[in-house]
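In case you want the letters, here they are:
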Amino acid sequence: MEELGGRVSQSFSFELPNDDPRVLITIDKISSTKKRYPRKAGVPEKSPIGGKHD
């Protein structure tokens, strides 16, 4: 999230009427997104943000 200039503000856990759990997360924009985003098609698949690809 920090890579894109955001920060988790709040999270809310709840269940749908059929008892499926869900989490709603709100994010505050705290800085500008770096110039290298958005990325071209195919790049996210090959090089995910903040992690390794299996």
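Thresholds applied
Residues numbered from 1 in each chain as written. Predicted model: local features only at pLDDT ≥ 70, side-chain atom pairs only at ≥ 80, totals over all residues. Heavy atoms only, no water. Pairing = 2+ DSSP bridges. Helix = DSSP H or I, 4+ residues; strand = E, 2+ residues; numbered from the N terminus. Contact = heavy atoms within 4.5 Å. Patch = residues over 30% accessible without salt bridge, like charges linked within 9 Å, V, L, I, M, F, W, Y side chains within 5 Å. Areas by Shrake-Rupley, 256 points an atom, 1.4 Å probe, with all protein chains shown as cover. Salt bridge = Lys/Arg side-chain N within 4 Å of Asp/Glu carboxyl O.

Caption draft 1: Representation of the pairing of strand β2 (residues 21–29) within the structure. Where strand β1 (residues 6–15) lies against β2, nine bridges are found, and the strand directions are antiparallel. By the bridge assignment for β2, Val 8 is matched with Ile 27.

Caption draft 2: Quick look at the environment of Asp 20. Assignment of secondary structure puts Asp 20 in the loop between β1 and β2. For Asp 20 and Lys 35, which are 15 residues apart along the polypeptide, the C-alpha to C-alpha distance reads 38 Å. Ignoring anything within four residues of it in the chain, the contact list for Asp 20 reads Phe 14 and Glu 15.

Caption draft 3: Broad picture of unusual backbone geometry. The phi dihedral of Asp 19 is positive, around 70°, even though this residue is not glycine. Structurally, Asp 19 is set in the loop between β1 and β2.

Caption draft 4: Layout of the environment of Ser 11. Within the fold, Ser 11 resides in strand β1. Along the primary structure Ser 11 and Ile 25 are separated by 14 residues, whereas in three dimensions their C-alpha atoms are 4.3 Å apart. Ignoring sequence-local partners within four residues, the contact set of Ser 11 consists of Val 23, Leu 24 and Ile 25.

Caption draft 5: Summary view of a nonpolar patch on the surface. A contiguous nonpolar surface patch, about 470 Å² in accessible area, is contributed by Met 1, Val 8, Val 23, Ile 25 and Ile 27. In terms of residue count, the dominant contributor to the nonpolar patch is β2 (three residues). Along the chain, Met 1 turns up in the segment before β1.

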